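Single-letter residue listing:
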Amino acid sequence: MSYFWKMDTLTRQKEIKKANLSAIGEKVTSFFWDIAPENGFELREGQQDMSFEIMDALIHDQHFAVEAGVGIGKSFGYLVPALLYNKMMQKPVIVATSTIALQEQLWKDIHDVMPLLNLQPEVILAKGQTHYLCHKRANEYLHTKDAVIPKELREGIEKGFEERKQFPAALPQNIWDKVNVQRYGIGTCGFCSKKCVYHNIRFRLRYTAGIILCNQDFLTAHLLQIRREQCGLISRDADLIIVDEAHNLEDKVRNATTKRVSQRMLLSLMKSATNEVKASDRQVLYKETAAAQAAGRAFFNCLQAQIQKQINFAQQDMRYADRYFFDGSRHSLQLLAVLAETIKSVAFSIQLHSNIAYTEQLTTASDELIALGENLEELIEEPEDSLIWLERRGSNAELVYCPKNTRQIINR
Ligand code: SF4
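Residues numbered from 1 in each chain as written. Predicted model: local features only at pLDDT ≥ 70, side-chain atom pairs only at ≥ 80, totals over all residues.

**Some thoughts on the overall build of the chain**
Okay, step 1: Within the chain one finds 15 helices and 8 strands.
Okay, step 2: In terms of its C-alpha atoms, the chain occupies a principal-axis envelope of roughly 70 × 60 × 55 Å.
Okay, step 3: By residue count, 28% of the 412 residues in the chain fall in the buried class.
Okay, step 4: Considering only intrachain contacts with a sequence separation of at least 6, the fraction spanning at least 24 residues in the chain is 75%. (Helix = DSSP H or I, 4+ residues; strand = E, 2+ residues; numbered from the N terminus. Buried ≥ 20, exposed ≤ 12 C-beta atoms within 10 Å, placed from the backbone. Contact = placed C-beta atoms within 7 Å.)

**Quick notes on the sheet that holds strand β8 (residues 396-403)**
Okay, step 1: With antiparallel pairing, 4 strands are arranged side by side in an open sheet as β5-β8-β7-β6. Looking along the sheet, the strands with just one partner apiece sit at the ends: β5 (259-262) and β6 (324-325).
Okay, step 2: Helix-sheet contacts for helix α11 (residues 263-274) involve β5 and β8, and the interaxial angle to β5 is about 85°. (Pairing = 2+ DSSP bridges. Axes fitted to C-alpha atoms, helices over the stretch in contact; angles between N-to-C directions.)

**Points about the nonpolar core**
Okay, step 1: Judged by nonpolar contacts, the single largest core of 36 residues is most densely connected at Ala82, Ile94, Val95, Ile212, Leu213 and Cys214.
Okay, step 2: For this core, the secondary structure elements donating two or more residues are α1 (2-38), α2 (47-59), α3 (74-89), β1 (93-97), α4 (100-117), β2 (123-126), β3 (211-215) and α9 (216-227).
Okay, step 3: Looking at this core element by element, the count peaks at 8 residues for α3.
Okay, step 4: Residues contacting Ala82, with those up to four places away along its chain left out, are Val93, Val95, Leu240 and Ile242.
Okay, step 5: Val261, Leu285, Ile343 and Ile350 belong to the second largest nonpolar core, which has 32 residues in total. (Core = buried A, V, L, I, M, F, W, Y, C linked by C-beta atoms within 7 Å.)

**Some words on α11**
One full turn of an α-helix is made of 3.6 residues, so residues set three or four places apart face in the same direction.
Okay, step 1: With 12 residues, α11 ought to run about 16 Å at 1.5 Å a step, and its terminal C-alpha atoms sit 16 Å apart, in line with that.
Okay, step 2: The secondary structure elements touched by the buried residues of α11 are β5, α12 (286-313), α13 (330-353) and α14 (365-381). (Expected span 1.5 Å × (residues − 1).)

**A short note on the domain arrangement of the chain**
Okay, step 1: Taken domain by domain, the chain consists of domain 1 (2-122 + 208-255) and domain 2 (258-411).
Okay, step 2: A C-alpha centroid distance of 39 Å is found between domain 1 and domain 2.
Okay, step 3: The class makeup of the residues in the side of domain 1 that touches domain 2 is 3 nonpolar, 2 polar and 2 charged. (Domains from an automatic or database assignment. Nonpolar A, V, L, I, M, F, W, Y, C, P; charged D, E, K, R; others polar.)

**Topic: the packing of α2 against α3**
Okay, step 1: One can describe the packing of α2 onto α3 by two numbers: an axis separation of 8 Å at closest approach and a directional angle of 35°. Once α2 is placed against α3, the crossing between them reads as right-handed. For the pair formed by α2 and α3, the contact residues are Gln47, Met50, Ser51, Ile54, Met55 and Leu58 on the first element and Lys74, Phe76, Gly77, Tyr78, Val80, Pro81 and Tyr85 on the second. (Left-handed = near helix turned anticlockwise from the far one by under 90°.)

**Here we look at unusual backbone geometry**
In most cases, non-glycine residues show a negative phi, while peptide bonds are predominantly trans.
Okay, step 1: Here Gln90, not a glycine, exhibits a phi torsion of approximately 55°, which is positive.
Okay, step 2: Note on placement: Gln90 falls in the loop between α3 and β1.
Okay, step 3: Residue Asn118 is not a glycine yet carries a positive backbone phi of 60°.
Okay, step 4: As for its position among the elements, Asn118 is in the loop between α4 and β2.
Okay, step 5: You can call Asn118 exposed: it has 8 C-beta atoms within 10 Å.

**Overview of the environment of Ile410**
Okay, step 1: Topologically, Ile410 is positioned in helix α15 (residues 406-411).
Okay, step 2: Its 16 C-beta neighbours within 10 Å are what place Ile410 among the partly exposed residues.
Okay, step 3: As a C-alpha pair, Ile410 and Ile175 span 235 residues in sequence and 36 Å in three-dimensional space.
Okay, step 4: Those residues within four positions of Ile410 in sequence are excluded, and the remaining contacts are Leu249, Glu250 and Val253.

**Considering the packing of α11 against α12**
Okay, step 1: Here α11 crosses α12 at 170°, and the two axes come no closer than 10 Å. One way to sum up the angle between α11 and α12 is to call them roughly antiparallel. Across the interface between the two elements, Gln263, Leu266, Met270 and Thr274 from α11 touch Thr289, Ala292, Gly296 and Phe300 from α12.
Okay, step 2: Within the contact of α11 with α12, the residues separate by chemical class into 4 nonpolar, 4 polar and no charged. (Parallel < 35°, antiparallel > 145°, perpendicular 65-115°, else oblique.)

**Overview of the sheet that holds strand β4 (residues 240-243)**
Okay, step 1: Strand order across the open sheet formed by 4 strands is β2-β3-β1-β4, with parallel pairing between neighbours. A strand with exactly one partner marks an edge of an open sheet, and here the two such strands are β2 and β4. Between one strand axis and the next, the sheet turns by 15° as a mean value, whatever way the strands run.

**Quick word on the pairing of β8**
Okay, step 1: Of the pairings in the sheet, the one linking β5 to β8 comprises 4 bridges and is antiparallel in character. Looking at β8, one finds that Lys259 is bridged to Tyr401.
Okay, step 2: Sheet topology note: the strand β7 (residues 386-393)/β8 ladder contains 8 bridges and is antiparallel. Paired with Leu387 across the bridge in β8 is Cys402.
Okay, step 3: Connecting the antiparallel pair β7 and β8 is a turn made up of 2 residues, with Gly394 showing a positive phi of about 60°.

**Section: the confidence of the model for the chain**
Okay, step 1: Per-residue confidence for the chain gives a mean pLDDT of 88; residues scoring 70 or more make up 94%.
Okay, step 2: Confidence, expressed as mean pLDDT per element, reaches its minimum in the chain at α15 with 78 and its maximum at β3 with 96. (pLDDT = per-residue confidence, 0-100.)

**Brief notes about the environment of Val197**
Okay, step 1: In this structure, Val197 sits in helix α8 (residues 197-207).
Okay, step 2: Measuring from C-alpha to C-alpha, the distance between Val197 and Ala291 comes to 39 Å, with 94 residues separating the pair along the chain.
Okay, step 3: If we skip the residues at most four places from it in the chain, Val197 touches Tyr132 and Glu162.

Pasting the structure below:
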């Protein structure tokens, strides 16, 4: 009996949703036929058709792909239904583009359209972390002995600038890289500065019911986190996602799913993770940390030897090659398995002895270490699912891998 009642309610809810979406369709029509021309907006061929098709797809609960020529005003074409949908559903809508310039342009477009529709949703522009100033790193850098501090940096910080675009272009990129956000959410980051703009944005992204303008890298990182059963970077209530410039998505996903592991990166991650435990308690980690470091040395020495062997035996000069084969031998995979196991074991001990509250909301270095260990284990179990190769950074070897099935990941 209750089953039929539930079915009945669901059918009814679907009907109401469909009716509401049809009502939105009328508003879209009125926007393009009345409101936009009255407000001096020039309508372009194909633009309204695109909007109507989007509405049709929403009404029928379908995905929709559109290829639109340059200059038809496609951002207006999707922003109008998206804004109205957001108002009706009270759920976040994600718009992912491929470049910062497009994100900025969209920010402008959406603020032009909103007053015409009499809507005022929260709009969040989520750029990559490296675009924002990290107060903690900036403070450390400004107090570093003999640091080069250009006047553009000092003056910008004094004026309260928070984003790269506010600082003069003359500020050298290598200096900006010393003061921007690099590893958000690791260790004490996330708690250290109330005025941190990036922290504020990341917080709002989780709880907003508004419009999120992000880039495809950010969207990919979010979806991959959800896939790993983490909580993701954006509110999980979002049920409409628009991918603009979608032809770039495959490259973005490939980049986002390509992982690099070097000995230096591993040591730095272990160091950050160890800092989660009070200095006075760290001696309990000594044995496990030493074992993980030894496993790292053995594995990366093995990779170094593989590279050297390929250089020695190649018919051509391979000293300057940028990629080398990973031999996938039993010996290499055994060393990798020991590495994966030891880093996971250190990370679990760290979490056992630290007094940080490990929550879904904050990714710590020890969480990253566990994720890396699990990732390496998956690589060992199913090496045929990944492309694996070696690269050299200076004199150090790096293990690089990515899934073979990028297309499948995108479809998912
Ligand atoms: S919260 Fe993180 S990113 Fe923000 S200022 Fe602090 S350390 Fe930097």
